[in-house]
Amino acid sequence: MWLNPEEVLLKNALKLWVTERSNDFFVLQRRRGHGEATSRITGLLVGALDTVLDSNARITPFRILLQVPGSQISWVIASGAAVEEVNKHWDWLVHNLLHSLSVFENKEDAASFVRGKVKGLIAEEVRGRQAAQEEDPQKFREALRKFELHFGLPSSEKLVTYYSCCCWKAHVPRQGFLYLSTNHMAFYSFLLGKEVKFVIPWAEVTRLERVSTGKLTEAIRVSTRVRQREFSMFLNLDETFGVIGQLADIALRRLLDSEGLELDRVLQQPARITKRVLEEQALREYVLALFRLPRAEKLHELASCSVWTPHARCHTAGTLYTTDSYLCFSSREEGSCTLLIPLSEVLSIEKAESTTHLPNPVIVSVRTKKAFQLIDLQDRDELVESMNSRLRCSPTPYYTFYYDTGCSDEEEKEEQVLRNTVNSEALMTAFNQTHPGTNGNNNTELVKQRLWEDHFTEFGRGVHMFRTDKIQRLVAMGIPESLRGELWMTLSDASSDLESHQGYYSSQVQKSMGHNNLATEEIERDLHRSLPDHPAFQNPTGIAALRRVLTAYAHRNPRIGYCQSMNILASVLLLYAKEEEAFWLLVAICERMLPDYFNRRVIGAQVDQSVFEELIRERLPELAEQVPDLSTLSSVSLSWFLTLFLSVLPFQSAVCVVDCFFYQGIKAIFQLGLAVLEANAAQLSASSDDGQALMILTRSFNDTFEESPTTSSPVENTSNTDQPPAGVVNITDLINQSFVKFGDLTVRHIERLRCLHRIQVLQAHEDTIKENTVREERKTHSTKEFVTVTDVQKPRIFSLSEKVSELLCRLWHSDPGCTFVERQYRLDRPQFKSLYGLLAPWPASSNQHNDTLAHRTFTLLDHDQDNLVTFKDFVSWLDILYCEDLNEKIRLLEHYVKNDFFSNFLLIFLFFSPQREFIQFCKTLSYMFHVDPEENELFQAIAKVTSLVLQIGEAGHRGESLSSDVTSEEDPKPAGLGGGSSDGGLEAEEDWMVSYAQILASVLTEQALVSFFEKPVNLSAKITAAKENQYQQRAGLLVLQQRTR
């Protein structure tokens, strides 16, 4: 394969390589010890060395070098594992390049020509591999070429896909192509001699919408902070909208420091993102949400099939999904029939004989002596082999999980108050008799238990039971207390985590006890606020259990640690489940069922609030019309999502909501929230302010109670003769209404909305961080355009970094002591150089000159020596550069005179240099004035200044030489400038000194220089031009490259 040319020393290489073929410019070599007929000692040693090295460091046995005649330096340009492969490259070089190289008079130019050709070949191979993954490689290759030619984006920018569409501008459609890459969306159109093109970084996208207007049927609207763009006439609008939403979401999560947001490892590497990867990722996210699987699960296979459902006595058609640890089945109608089988429960997966009525059957046997039959499986052999290979790798559980509702011994109860003792029973078992509302309900509980036992007989018991509409109606009634803990573990599949991690919770408890940190302090503060009216938490036993669960989880997951509302959830879990089970239920809620909810900024909860607003507009349009500002309702509903209604509903009613949550996930909370708003829509529409709306909802929740049927089955349509008082709502009726009216809300729809609204939430957080950053800097600096500066800086980090995710990871961990705001806006050296060229107030007459100054400036600004410049230092640089009054610069120097960093910082912009760089000092000034309108006058002024500085230095040097008391070892002052003597002597260079005050006085003698440095510069205009030019810096180079091909 072709390699990026890398220098090697030919003299040293000959010890380990043998030359097979050579000419004036190329050498084909073989590694010693490979392909030798006789085993010489040198070859054996080299072969042993290559074998010992790990696989990533092993050297291919053949390579081709580019050499310059008469030089010991060569470049490796190709390598191969087989002689045939490397001979193919050798023949290409000989036939296509060797004869052309003879025309070069300078052999270095010939070598440079070859290196450029090899890099071009590598680029073509990359394009070819990328195009090969697409449906039409030739068309994609052509689109990739146009994308690079038109937009001039960085070479690391990868085109994902493209679409033909119209972009609307002032009611005029522009037909062209929309290019979607990893970091940008770009549009290009050329019609009737008029070219239209623009680039929108994903970092600037604030909202994505599908809109319908009079001039077009349906379009995609992309909003940024400054304008909107509308695109229409896509052949597949749904696909395009989905891809745009995914790319924007991925890019923002990768760019913005969104603490707590997890991104799949594949998506953290932009070079690996393709359209196929996006489709697979969208499907994976849907499956994880539908079955509420662990976030680390990978989707392996998807197959259409039918499952034998004994309760229906027929085969139910649907889709089989296989992941690392699960077999999942969902019927064609989402939620109608689902099946979840952990591989840890599977004994065997076998093929059965096909018949006319049972084509391609597969039998899955589980440990409870049950078997599931799947038919109509395409590619059955490959699928079964793949599942069996994972089954063999699946760890064998220590035991099969059976739920135990028995009480502990009296001696164990007495020891439960100890901090390191784990409860072996649910708290409700010990405190059931004293809890209000539980007396007199034995008959109701018995009826519920009988209904559930009948259900278990028909549909199965455990994680792998069939989940149908009937179980939905049973859950709406409220799960009986004796079965609540078991069913919560079953419906959430926390039981699989428990059985596969025996002893894990106890070890976490032991490790976490005695540790004091911010999480433990917050936990201690909230312990007595968790269900304070319940007797279980008025007792040391309950408080100790709650402390252990919360501290153990904080120790397990320090990224989340402890977040408010976790105490309320954990307390309810402890009431109905054993302590270790409550811990794993909390793990399931925080890490699978409510992802991204429990972190410092509750991103997940805010995303769902935004989704909830969208659902109100879709499902309750009349309410949305009467209440235009839905942010009030979403702010009130935040606690509904964070606490699963536990903080607003009466306890017994709220527990019924928790039952539904474990069965349906977040979908149940959305449905119930919509039902609550619909029930109170008339009063909410008439409310005059936020407080009145809050009172209406609070009163509605207080009037909600739990009522269960005494004898009737949930399948039967019977009514209770005892009617509740007017205005009082039965929680079971409310839940059933939410199922009936909003049951068509699907997980797929929720996931799509989450993807879109996450963009808005992340951008809102970015704006807040930006405002906080700017507010702090405005207190000490005079520059006003800070917000606009951040708009340029953040996209530069986004678009210019070759490895964005690695950079952000490094930024996050480089300085644990810095604040969250300080971590958001920082630049490394290449990014700072790029911004320097865009924002420096003087014209860029020489790239080399600008790079030199940028390098020096960055070194001075990087006072932590971590190769990163903070936003504060960056603004200080701008503040000094664009300050109009030279006296203010002097006062700033006096203010920071005790800080060497700021002293040197100011001097660099007054073109102070060490004495050994006096000539460079003069060159710097001359470069700055090169394209200035007053160029001649400035050149004369700087000539006088430098002459004056030389005279001052010479005078000082002669004075020093007359004084024998001063030694040459005297430390130079930090603010000094020196140069060689007028006669060119260098032996006394260290003694030749000019103070900073003398330099400044010399500059002040020339009014032309003073006017130049004090001349006001419009920073806003400079930033505007920088934003327009930041994506076009490589355009000219790419055009030249295209012409030479």
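None of these values were measured; they are calculated from a predicted model.

Of regular secondary structure, the chain possesses 42 helices and 26 strands. Once local pairs closer than 6 in sequence are excluded, the contacts in the chain between residues at least 24 apart make up 65%. Just so you have it, the chain exposes about 49100 Å², and 50% of that area is on carbon and sulfur atoms.

Strand order in the open sheet made by the seven strands is E9-E8-E7-E6-E12-E11-E10, with antiparallel pairing throughout. Strands with a single pairing partner mark the edges of an open sheet, and in this sheet they are strand E9 (194-201) and strand E10 (205-211). For this sheet the average axis-to-axis angle between neighbouring strands, irrespective of direction, equals 30°. For strand E6 (residues 159-169) and strand E12 (residues 228-232), the ladder comprises three bridges, and the chain directions are antiparallel. Within the sheet, the bridge partner assigned to Cys167 lies in E12 and is Phe231.

On average, the chain scores 76 in pLDDT, and the residues at 70 or more come to 71%. For residues 51-58, every residue scores under 50 in pLDDT, and the model assigns this stretch three contacts once sequence neighbours within four places are set aside. Considering only residues more than four positions removed or in separate chains, one finds that residues 1033-1045, a stretch of pLDDT under 50, has 17 contacts.

What follows is about the pairing of strand E2 (residues 17-22). Across five bridges, E2 lies against strand E3 (residues 26-31) in antiparallel orientation. Residue pairing for E3: Ser22 is matched across the bridge by Val27.

Bringing the sheet that holds strand E13 (residues 299-309) into the picture now. The sheet built from eight strands is open, its strands ordered E17-E18-E19-E13-E14-E15-E16-E20 with antiparallel pairing. The open sheet is flanked by strand E17 (346-351) and strand E20 (467-468), the only strands paired with a single partner. Note that strand E18 (residues 362-366) and strand E19 (residues 371-375) share four bridges and pair antiparallel. Across the sheet, the residue bridging to Val362 is Leu374, located in E19.

Turning to the pattern of salt bridges, a few remarks are in order. Enumeration according to the criterion identifies 31 salt bridges in this entry. Residue Arg253 pairs with Asp249 through a salt bridge whose shortest N-O separation is 3.1 Å. In this pair, Arg253 and Asp249 are both assigned in helix H6 (residues 237-255), four residues apart and thus about one turn of the helix distant. Taken as a pair, Arg253 and Asp249 share a single burial class, namely buried. Between Arg548 and Glu579 there is a salt bridge, with the nearest N and O atoms lying 2.8 Å from each other. Separated by 31 residues along the polypeptide, Arg548 in helix H17 (residues 540-556) and Glu579 in helix H19 (residues 579-593) bring together distant segments of the chain. Assigned by exposure class, Arg548 and Glu579 land together as buried. A single network of salt bridges, built from pairs that share partners, joins Arg210, Glu218 and Asp238.

By size, the foremost hydrophobic cluster in this structure holds 155 residues, and its most contacted members are Phe231, Trp488, Met566, Phe598, Ile616, Trp640 and Leu677. In contact with Ile616, other than residues within four places in its own chain, are Pro621, Leu623, Ala624, Leu630, Leu633, Leu674 and Leu677. Ala303, Leu320, Ile341 and Ile349 belong to the second largest nonpolar core, which has 24 residues in total.

Here we take up helix H27 (residues 731-742). With twelve residues, H27 should cover 16 Å at 1.5 Å per step; its first-to-last C-alpha distance of 16 Å lies within 8% of that length. Taken together, the buried positions of H27 are Ile731, Thr732, Leu734, Ile735, Ser738, Phe739 and Phe742. Viewed end-on, H27 has its buried residues packed into an arc of 170°, placing them on one side of the element. With a side-chain oxygen positioned 2.7 Å from the backbone nitrogen of Thr732, the residue opening H27 is Asn730.

Their axes nearest at 10 Å, the elements H17 and H19 cross at an angle of 45°. Regarding the angle of H17 to H19, the classification is oblique. Here the hand of the crossing between H17 and H19 comes out right-handed. Contacts from Ala545, Arg548, Val549, Leu550, Ala552, Tyr553 and Arg556 of H17 reach H19 at Glu579, Phe583, Trp584, Leu586, Val587, Cys590 and Glu591. Here the residues of the contact of H17 with H19 sort into ten nonpolar, no polar and four charged.

On to the pairing of E18. When you tally the buried positions in E18, you get four out of five residues, the bulk of the element. Sheet topology note: the E17/E18 ladder contains five bridges and is antiparallel. Bridge pairing in E18 links Glu350 to Ile363.

This part takes up the environment of Ser223. In this fold, Ser223 is placed in strand E11 (residues 219-224). Overall, Ser223 belongs to the buried group, its relative accessible area being 5%. Spatially, the C-alpha atom of Ser223 lies 5.7 Å from that of Thr206, the residues being 17 residues apart in sequence.

This part is about the state of the cysteines. All chains considered together, the criterion is met by zero disulfides. Looking at the unpaired Cys660, the closest cysteine sulfur is the one in Cys656, lying at 7.3 Å.

Before going further, it helps to spend a moment on the packing of aromatic side chains. Under the definition given, this model contains 31 aromatic pairs. Between the aromatic rings of Phe187 and Phe231, the centroid separation amounts to 6.1 Å while the plane-to-plane angle is 55°, which identifies the pairing as tilted. Here Phe231 lies in strand E12 and Phe187 lies in strand E8 (residues 184-191), a separation of 44 residues in the sequence. Both residues of the pair, Phe187 and Phe231, count as buried.

Attention now goes to unusual backbone geometry. In this model, Asp493 sits at a positive phi of 60°, which is unusual for a non-glycine residue. Here Asp493 is to be found in the loop between helix H13 (481-492) and helix H14 (494-500). For Asp493, a relative accessible area of 2% corresponds to the buried category. Unusually for a residue other than glycine, Leu644 sits at a positive phi of about 55°. Its place among the elements puts Leu644 in the loop between helix H22 (631-643) and helix H23 (651-664).

Mapped onto the fold, Leu3 is located in strand E1 (residues 2-9). Judged by its relative accessible area of 23%, Leu3 is partly exposed. C-alpha of Leu3 to C-alpha of Ile77: the two residues are 74 residues apart in sequence and 4.9 Å apart in space. When residues no more than four places from it in sequence are discounted, the contact partners of Leu3 are Val76, Ile77, Ala78, Ser79, Val118 and Ile122.

This brings us to the environment of Glu209. If you trace the backbone, Glu209 turns up in strand E10. In this structure, Glu209 is in contact with Ala219, Ile220, Arg221, Ser223 and Phe241, ignoring residues within four places of it in sequence. A distance of 3.2 Å separates polar atoms of two side chains, one belonging to Glu209 and the other to Arg207.

Conventions used here
- Residues numbered from 1 in each chain as written.
- Predicted model: local features only at pLDDT ≥ 70, side-chain atom pairs only at ≥ 80, totals over all residues.
- Heavy atoms only, no water.
- Helix = DSSP H or I, 4+ residues; strand = E, 2+ residues; numbered from the N terminus.
- Contact = heavy atoms within 4.5 Å.
- Areas by Shrake-Rupley, 256 points an atom, 1.4 Å probe, with all protein chains shown as cover.
- Pairing = 2+ DSSP bridges.
- Axes fitted to C-alpha atoms, helices over the stretch in contact; angles between N-to-C directions.
- pLDDT = per-residue confidence, 0-100.
- Salt bridge = Lys/Arg side-chain N within 4 Å of Asp/Glu carboxyl O.
- Buried < 20%, exposed > 50% of the residue type's maximum accessible area, 1.4 Å probe, protein only.
- Core = buried A, V, L, I, M, F, W, Y, C linked by side-chain atoms within 4.5 Å.
- Expected span 1.5 Å × (residues − 1).
- Arc of directions from axis to C-beta.
- Polar contact = N/O pair within 3.5 Å; in protein donor to acceptor, adjacent residues only side chain to side chain.
- Parallel < 35°, antiparallel > 145°, perpendicular 65-115°, else oblique.
- Left-handed = near helix turned anticlockwise from the far one by under 90°.
- Nonpolar A, V, L, I, M, F, W, Y, C, P; charged D, E, K, R; others polar.
- Disulfide = S-S within 2.5 Å.
- Phe/Tyr/Trp six-rings, centres within 6.5 Å; stacked < 30°, edge-to-face > 60°.

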